[in-house]
Amino acid sequence: MRLPLFRPETVNARRVGAGALLALPALLAGLLTSLSGPAWALYKVVGPDGRVTYTDRAPVDKPAKAIKANGASTPADALPYDLQKVVSRFPVTLYTGNNCTPCDTARQLLKTRGVPFTEKTVTSSEDIRQFRSQEATDQLPTVRIGQKQLSGLQHSDWNAYLDAAGYPATSALPPGYQHSPATPLVPIEPKPGSAPGASDAAPGTPTTPVAPAGNTPAGIRF
């Protein structure tokens, strides 16, 4: 942005020019204010007095919010800005099963590389039906990187697609970052009229222990 040049030729013009020069600090202040918003800043800081400032460095002595590309904000301890952009474009979902060694290896691969991901477990008959209908496969682990589906753990393929999506080769997650816990593919709904965790058996009635699940759910391949 260029500031206008004032060339007063008359007394009146000189007065106009002087007034404009006096207003120059205010003009510059307004320009700096317009530049200090989310267009360039990465963090928004709200002081104890409610005053809002913006900065391109995460403050260490006060809470801040990281600003997304669209201007929205999330807690600064969530993800670095560059990683937020990759996650928003290519979210990663991992489908796993119980007693599945390849699933454990796949989970560890993503964590070691620092890839934020959502993990969905496929263990119940409802999960299996939903998984087959949704992903058109019966193999675990399966991962989705954006719209790309990869079934079965192949380190080279998984890493190649993570590279193509823009995920860093080594973890860029902030210290103390916690991955979200795994949840069933089909949410478990409590029975009507029963409190969460309540047993259907009458008080004092011994319950029959349930045998542990086998290594492979029916119809699922590891």
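Residues numbered from 1 in each chain as written. Predicted model: local features only at pLDDT ≥ 70, side-chain atom pairs only at ≥ 80, totals over all residues. Heavy atoms only, no water.

Caption draft 1: Structural context of the nonpolar core. Formed by 19 residues in total, the largest nonpolar core has its most connected members in Val92, Leu110, Leu162 and Tyr167. Broken down by secondary-structure element, the contributors of at least two residues to this core are α3 (81–89), β5 (92–96), α4 (101–113), β7 (142–145) and α6 (155–165). Not counting the four nearest positions on each side in its chain, Tyr167 is found in contact with Leu83, Val86, Val87, Phe90, Pro91, Val92, Arg113, Val115, Pro116 and Leu162. In terms of nonpolar packing, the next biggest core, distinct from the first, is built from nine residues, Tyr95, Cys103, Ile128 and Leu140 among them. (Core = buried A, V, L, I, M, F, W, Y, C linked by side-chain atoms within 4.5 Å. Buried < 20%, exposed > 50% of the residue type's maximum accessible area, 1.4 Å probe, protein only. Helix = DSSP H or I, 4+ residues; strand = E, 2+ residues; numbered from the N terminus. Contact = heavy atoms within 4.5 Å.)

Caption draft 2: Structural detail: α4. Taking 1.5 Å per residue, 13 residues should reach 18 Å; α4 reaches 18 Å between its end C-alpha atoms and fits that length. For α4, every residue scored as buried is listed here: Cys103, Ala106, Arg107, Leu109, Leu110 and Arg113. End-on view of α4: buried residues confined to an arc of 155 degrees, all on one side of the axis. Residues of α4 that are exposed and point more than 90 degrees away from the buried face comprise Thr101 and Thr112. Against β5, β6 (118–121) and α6 lie the buried residues of α4. (Expected span 1.5 Å × (residues − 1). Arc of directions from axis to C-beta.)

Caption draft 3: Structural view of the state of the cysteines. Applying the stated criterion across every chain yields a total of one disulfide. Across a sulfur-sulfur distance of 2.2 Å, Cys100 and Cys103 are joined as a disulfide pair. Taking the sign of the S-S torsion, 75 degrees for the link of Cys100 and Cys103, the bridge is right-handed. The buried category is assigned to Cys100, whose relative accessible area is 2%. (Disulfide = S-S within 2.5 Å.)

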